[in-house]
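Spelled out from the first residue to the last, the chains are:
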Amino acid sequence: MSTKKPGYYTLIYFWLSIALSFLGFFVQLFGAQLTFRDGDPNPLALSPFEIASIGCFTLAFIFGLVVIHKIIAMLMFLVQKKQW
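None of these values were measured; they are calculated from a predicted model. (Residues numbered from 1 in each chain as written. Predicted model: local features only at pLDDT ≥ 70, side-chain atom pairs only at ≥ 80, totals over all residues. Heavy atoms only, no water.)

Caption draft 1: Up close: the overall build of the protein chain. Helix and strand content of the protein chain: 2 helices and 0 strands. Burial status across the protein chain gives 15% buried among its 84 residues. When contacts within the protein chain are restricted to residue pairs at least 6 apart in sequence, long-range pairs at least 24 apart make up 78% of them. Summing over all exposed atoms, the protein chain offers an accessible surface of approximately 7,100 Å²; the carbon and sulfur share of this is 74%. (Helix = DSSP H or I, 4+ residues; strand = E, 2+ residues; numbered from the N terminus. Buried < 20%, exposed > 50% of the residue type's maximum accessible area, 1.4 Å probe, protein only. Contact = heavy atoms within 4.5 Å. Areas by Shrake-Rupley, 256 points an atom, 1.4 Å probe, with all protein chains shown as cover.)

Below, the structure is given as structure tokens:
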């Protein structure tokens, strides 16, 4: 049986959030280059690359919220543990 240290999943979620942010940025950059190369800009600017980048940013935001929640919960646990 493997024992994982406390905060193991928090680190995974943190790095996943960072990776999704970078992925969303690069997908958006690639989509913008394709849009300008074609010469026919979409007035709504909603290409499949834009939608994919918005999804990556949304997932990164959700994982970021989970990380913040876990950090606050761990800090509260440590503060309450010190009082006793």
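Caption draft 2: Up close: the side chain of Ser 17. Looking at where Ser 17 falls in the secondary structure, it is placed in helix α1 (residues 8-38). Among the residues examined, Ser 17 registers a relative accessible area of 10% and is labelled buried. Within the structure, the side chain of Ser 17 is placed 3.0 Å from the backbone oxygen of Ala 60, a separation counted as a polar contact. (Polar contact = N/O pair within 3.5 Å; in protein donor to acceptor, adjacent residues only side chain to side chain.)

Caption draft 3: Highlighting the packing of aromatic side chains. Summed over the entire model, instances satisfying the criterion amount to 5 aromatic pairs. Their ring planes at 70 degrees and their centres at 5.0 Å tell us that Phe 14 and Trp 15 sit as a pair that is edge-to-face. We classify Phe 14 as partly exposed; its relative accessible area is 36%. With centroids separated by 5.1 Å and ring planes inclined at 80 degrees, the aromatic side chains of Phe 30 and Phe 49 adopt a geometry described as edge-to-face. Of this pair, Phe 30 sits in helix α1 while Phe 49 sits in helix α2 (residues 48-83); the two residues are 19 residues apart in sequence, bridging distant segments of the chain. For Phe 49, a relative accessible area of 31% gives the class partly exposed. (Phe/Tyr/Trp six-rings, centres within 6.5 Å; stacked < 30°, edge-to-face > 60°.)

Caption draft 4: Representation of a nonpolar patch on the surface in the model. A cluster of nonpolar side chains, namely Leu 59, Phe 61, Ile 62, Leu 65, Val 66, Ile 68, Ile 72 and Met 76, defines an oily patch on the protein surface of about 740 Å² accessible area. On the secondary structure map, Ile 68 appears in helix α2. Judged by its relative accessible area of 48%, Ile 68 is partly exposed. (Patch = residues over 30% accessible without salt bridge, like charges linked within 9 Å, V, L, I, M, F, W, Y side chains within 5 Å. Salt bridge = Lys/Arg side-chain N within 4 Å of Asp/Glu carboxyl O.)

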